[in-house]
Amino acid sequence: MIDASRTRRLIRTLDGEAGPPPIWMMRQAGRYLPEYRATRADAGSFLDLCFNPKLATEVTLQPIRRFGFDAAILFSDILVIPHALGQGVRFVEGEGPRLDPIDLDRVDELDPTTVVERLGAVLETVGRVRAALPAETALLGFCGAPWTVATYMIAGRGTPDQMPARRAMLTQPAAFDRLIEILVESSIAYLVAQLRAGADAVQVFDSWSGTLDDIGFARAAMEPMRRIVEGVRAEVPGARIIGFPKGAGAHLPAYVAATGVTAVGLDWGVPLAFARDVVQPLCPVQGNLDPLRLVVGGAGLDEGVDAVLEALAGRPFVFNLGHGITPDAPVEHVGRMVDRVRAWQPG
Ligand SMILES: Cc1c2[nH]c(c1CCC(=O)O)Cc1[nH]c(c(CCC(=O)O)c1C)Cc1[nH]c(c(CCC(=O)O)c1C)Cc1[nH]c(c(C)c1CCC(=O)O)C2
């Protein structure tokens, strides 16, 4: 079978080929771009933008037009799953997400079987983006990892240390595990639908895995991710899946081995020598420039870009940030980073 994805540099890297590193950025469609802010202003609420295939396609393509990244990432949000499960979700300007906190005693009222149907508009965006992208540009779908999504569902908002969810895991273990299971099922169905609609690969964001202890990491981060990888590949054999367990640190080798992810995203707290010597022998890695270096620019940016490339670009490696780009990053600094990565030659 001819696999069109194989013509794309990002996909070849995920398949284990070394070569010039592909580059994309987490949150590459977002408020640091003036054209995003303009589209966003016309769209109504943030969720209206996520569920508007025409405008969501437009903002997905904006960073590709400007920088020629090797991958586009679907414009949506990890919180569309709670929304599709029937939980009230809204985004308050300047404050972040607000959800009607769920009653864990009634967790079985959340129905994972209709999630894909309810996210039809997002899946339409996937198809539209694929049709509009240059042939050499990969398209990434994504969802949030069950743990990270659960932290928002339980607290009703972002929290500095995820205390409400960590507490629920210990005080209401059966209901907590049931919520994770519902999110595993929803995520499998949603990722499979994205891959069938035209995504070349998917990334699963576990932004808050860093606050889990050893037992919690195995239970709420690794095991659910193992089931997602297995469940997606049962429907889409060979599906390429990037795990991004932010803050996982020394858990990373176990995470890769236990989950079977194709590649792993690294935050900027992961030492480059550990990434190169311990993680990269296990699978391709992606990351991990400190997003602050993109804000300050100049020598601080160049030094960070060079250090990441020198450590990791000799083996399968995807250049990225260690977390999302922040709204205060100047657009010129992004261009400078892209030029430097593209010009890099092994020394
Ligand atoms: C935790 C999380 C969320 N969303 C996401 C995560 C995981 C990654 C991470 O840790 O950053 C993932 C996400 N959110 C968004 C994308 C789109 C694709 C991309 O360009 O990367 C992706 C992949 C758009 C967005 N999601 C959001 C925006 C900004 C909202 C706006 O434009 O008004 C964008 C572009 C809103 C959002 N969405 C979320 C929060 C906490 C917020 C508010 C904080 C903020 O404003 O940055 C939840």
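Cut-offs used in this document
- Residues numbered from 1 in each chain as written.
- Predicted model: local features only at pLDDT ≥ 70, side-chain atom pairs only at ≥ 80, totals over all residues.
- Heavy atoms only, no water.
- UniProt positions renumbered as here; feature names shortened; annotations may be inferred.
- Buried < 20%, exposed > 50% of the residue type's maximum accessible area, 1.4 Å probe, protein only.
- Helix = DSSP H or I, 4+ residues; strand = E, 2+ residues; numbered from the N terminus.
- Pairing = 2+ DSSP bridges.
- Axes fitted to C-alpha atoms, helices over the stretch in contact; angles between N-to-C directions.
- Parallel < 35°, antiparallel > 145°, perpendicular 65-115°, else oblique.
- Contact = heavy atoms within 4.5 Å.
- Nonpolar A, V, L, I, M, F, W, Y, C, P; charged D, E, K, R; others polar.

- For the chain, an unreviewed UniProt entry supplies the name Uroporphyrinogen decarboxylase and the organism Methylobrevis albus.
- Comment text from UniProt for the chain, heading Function (unreviewed entry), reads "Catalyzes the decarboxylation of four acetate groups of uroporphyrinogen-III to yield coproporphyrinogen-III."
- UniProt lists a comment for the chain under the heading Catalytic activity (unreviewed entry), and it reads "uroporphyrinogen III + 4 H(+) = coproporphyrinogen III + 4 CO2".

Structural notes on the pairing of strand β4 (residues 138-144)
In summary, the side chains of a regular strand alternate between the two faces of the sheet.
Turning to step 1, where the next piece is worked out: Among the 7 residues in β4, 7 count as buried, and that is most of the element.
Turning to step 2, where the next piece is worked out: Here strand β1 (residues 71-73) pairs with β4 via 3 bridges, running parallel. Counterpart to Ala-71 in the pairing with β4 is Ala-138.
Turning to step 3, where the next piece is worked out: Across 5 bridges, β4 lies against strand β5 (residues 201-206) in parallel orientation.

Observations regarding the packing of helix α2 (residues 34-43) against helix α4 (residues 53-67)
Turning to step 1, where the next piece is worked out: α4 packs onto α2 with a crossing angle of 175° between their chain directions and a minimal axis gap of 10 Å. What the angle tells us is that α2 and α4 run roughly antiparallel. On α4, the residues touching Pro-34, Glu-35, Tyr-36, Thr-39 and Ala-43 of α2 are Leu-55, Glu-58, Val-59, Gln-62 and Arg-66.
Turning to step 2, where the next piece is worked out: Class assignment for the residues of the contact of α2 with α4 results in 5 nonpolar, 2 polar and 3 charged.

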